[in-house]
Amino acid sequence: MPRKIALVGVGKIAVDQHIPALNASSEWELSAAVSRNTVVDGVPNFTDMDEMLKAHPEVEVVSLCMPPVPRFAYAQAAIAAGRHVMLEKPPGATLSEVHTLADLATKAGLTLYATWHSREAAFVKAAKAWLVGKTIKSFTVTWHEDVRKWHPNQDWVFEAGGMGVFDPGINALSIVTEILPDPIHLKSSVLDFPENRDTPISAQLDFYHPHGGTVTADMNWDHSGDDVWQIEAVTDAGVLTLKNGGGVLLIDGVVQTGAEDGLSGEYPNLYANMARLVADAASDVDLRPMLHVSDALTLGKRNVVKAFDW
Ligand code: NAP
């Protein structure tokens, strides 16, 4: 029997990814939606989550797809109502609020899953396996995309808590923290804030690496042309290049085969993971990607750059 799930916050990512992934899954039945502005075809729709939870006690899991700042209150209420919770990335606006949610879920015996969709890209596992036992000389993240393409007119990304370029940059950090065999921490960061916005539009990060490797990230959200979502690792035994956000892998320039579905498996995999976590009465809340963002905002040297307008 598929588990019953409700989606809350029906915006770009819910429409692009969550609804198709749920509709294609035999493990899940989309049983309700909560949206202040739209409706999802074929399911009961609500504008208020508490009303939905009261009306649908059979809904075991709530998947929260709104931006990070409003998400905590919804997650807290869903846990209080005895529901397992799945969080879009980044899992919250602050680290401490996600710790609070994790504690609440543990006390209630419920699953909390802080998802990282980029970790589910086709070649992330292969990249992780290839790096095991290799000495890192350099690890270079280049994450350039056009905010107007992926977040059209979404002002929240430039408001406090919206994280600016770290909204996509945290995807890179979710892959880095998954595949890099060594623990790293931030040494310095330089952040460019548009003069009319509260979050950075570009960022340069420099990390400490325990064996002396150079680990850097260059994130830019004011990019035109194709997205550049790349991680290059130069090691003592060759060069790994993860391109297209983890959808393509090259070793010493040779394209690897065996997992050609690029990024299309990301959200189906997240829902498969959630089904397993609920079945196992487990949670998965890895906050390392967000820790690096928090450190970057703490250590960051601030430049003020030209105003950003859509
Ligand atoms: P969005 O379209 O701007 O917002 C999603 C929905 O959240 C809105 O349609 C709205 O839903 C709800 N919402 C917005 N503000 C709210 C508030 N103050 N209180 C309650 N609900 C609110 O954003 P999105 O692009 O889908 O991104 C949502 C999350 O997904 C973010 O954390 C983002 O990082 C992540 N994500 C986005 C993408 C992408 O390509 N855009 C990719 C991967 C992950 P209703 O109108 O239904 O109430």
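Thresholds, definitions, all that
- Residues numbered from 1 in each chain as written.
- Predicted model: local features only at pLDDT ≥ 70, side-chain atom pairs only at ≥ 80, totals over all residues.
- Heavy atoms only, no water.
- Pairing = 2+ DSSP bridges.
- Helix = DSSP H or I, 4+ residues; strand = E, 2+ residues; numbered from the N terminus.
- Contact = heavy atoms within 4.5 Å.
- Axes fitted to C-alpha atoms, helices over the stretch in contact; angles between N-to-C directions.
- UniProt positions renumbered as here; feature names shortened; annotations may be inferred.
- Near = heavy atom within 4 Å.
- Polar contact = N/O pair within 3.5 Å; in protein donor to acceptor, adjacent residues only side chain to side chain.
- Areas by Shrake-Rupley, 256 points an atom, 1.4 Å probe, with all protein chains shown as cover.
- Nonpolar A, V, L, I, M, F, W, Y, C, P; charged D, E, K, R; others polar.
- Domains from an automatic or database assignment.
- Expected span 1.5 Å × (residues − 1).
- Buried < 20%, exposed > 50% of the residue type's maximum accessible area, 1.4 Å probe, protein only.
- Lys, Arg positive; Asp, Glu negative; His and termini not counted.
- Salt bridge = Lys/Arg side-chain N within 4 Å of Asp/Glu carboxyl O.
- Buried area = accessible area lost by both parts, 1.4 Å probe.

**Q** Could you give an account of the sheet that holds strand E1 (residues 3-8), naming the residues involved and the relevant values?
**A** Adjacent strands of a sheet form backbone hydrogen bonds with each other and so pair up, either parallel or antiparallel. Taken in spatial order, the six strands make up an open sheet running E3-E2-E1-E4-E5-E6, and their pairing is parallel. The open sheet has two free edges, formed respectively by strand E3 (45-46) and strand E6 (112-114), since each of these has just one partner strand. Inspection of the sheet shows E1 paired to strand E4 (residues 61-64) by four bridges, in the parallel sense. Note on E4: the bridge partner recorded for Ala-6 is Val-62. Strand contacts of helix H3 (residues 68-80): E1, E4 and strand E5 (84-87), with the helix running at about 160° to E5, the strand carrying the most contacts.

**Q** If you had to explain the UniProt feature "domain: Gfo/Idh/MocA-like oxidoreductase N-terminal" (unreviewed entry) in the protein chain to someone new, which residues and values would you point to?
**A** The feature "domain: Gfo/Idh/MocA-like oxidoreductase N-terminal" (unreviewed entry), as annotated in UniProt, sits at residues 4-113 in this numbering. Overall, residues 4-113 shows 42% helix and 22% strand. The separation of its end C-alpha atoms is 16 Å.

**Q** Quick rundown of the site of the ligand? Include the residues and the values.
**A** As a structural note, the neighbourhood of the ligand is formed by 25 residues, with Val-10, Ser-35, Asn-37, Lys-89 and Asp-167 the closest of them. Take Lys-12: an N or O atom from its main chain is 2.9 Å from an oxygen atom of the ligand. At 2.5 Å, a side-chain N or O of Ser-35 approaches an oxygen atom of the ligand. Compared with its free state, where it exposes 870 Å², the ligand has 84% of that area covered by protein. Elements represented by at least two residues in the shell around the ligand include exactly helix H1 (12-23) and H3. Take the shell around the ligand: its biggest share by element is four residues, from H3. Considered class by class, the residues forming the shell around the ligand number 12 nonpolar, seven polar and six charged. The residue makeup of the shell around the ligand includes at least three contributed by each of domain 1 (3-114) and domain 2 (118-258 + 294-305).

**Q** Can you lay out helix H8 (residues 266-279) for me, pointing to particular residues and giving the numbers?
**A** For H8, which comprises 14 residues, the first-to-last C-alpha distance of 20 Å matches the rise-based estimate of 20 Å (1.5 Å per residue) to within 8%. Elements in contact with the buried residues of H8: E1, H1, strand E2 (28-34), E4, E5 and E6.

**Q** Give a detailed account of the side chain of Glu-145, specifying residues and quantitative values.
**A** Positionally, Glu-145 belongs in the loop between strand E7 (136-144) and helix H6 (147-150). Here Glu-145 sits buried without a salt bridge, and the closest side chain of opposite charge, Lys-89, lies 7.7 Å off (N-O distance). Separated by 2.9 Å, the side chains of Glu-145 and Trp-229 make a polar contact.

**Q** So what's going on with unusual backbone geometry? Residues and values would help.
**A** Here the amide bond leading from Lys-89 into Pro-90 is cis, since omega sits at -20°, within 30 degrees of zero. On the secondary structure map, Pro-90 appears in the loop between E5 and helix H4 (95-108). Phi at Asn-244 takes a positive value of approximately 50°, unusual for a residue other than glycine. One can find Asn-244 in the loop between strand E12 (238-243) and strand E13 (248-251). Its relative accessible area of 45% is what places Asn-244 among the partly exposed residues.

**Q** Residues and numbers for the domain arrangement of the protein chain, please.
**A** It is common to give the size of an interface as the accessible area that goes away when the parts come together. Per the domain assignment, the segments of the protein chain are domain 1 (3-114) and domain 2 (118-258 + 294-305). Of note, the centres of domain 1 and domain 2, computed from C-alpha atoms alone, are 27 Å apart. Of the residues lining the interface, 10 residues belong to domain 1; the matching set on domain 2 comes to 13 residues. Across the interface of domain 1 and domain 2, roughly 790 Å² is buried in total on both sides, 66% from carbon and sulfur atoms. It is Lys-12, Lys-89 and Pro-90 that lose the most area in domain 1 upon contact with domain 2, and together they represent 53% of the buried surface on that side. Our enumeration of links across domain 1 and domain 2 arrives at one salt bridge. Lys-89 is the salt-bridge partner of Asp-167, the closest N and O atoms lying 3.4 Å from each other. Applying the counting criterion to the domain 1 and domain 2 interface returns one residue pair in polar contact (both at pLDDT 80 or more).

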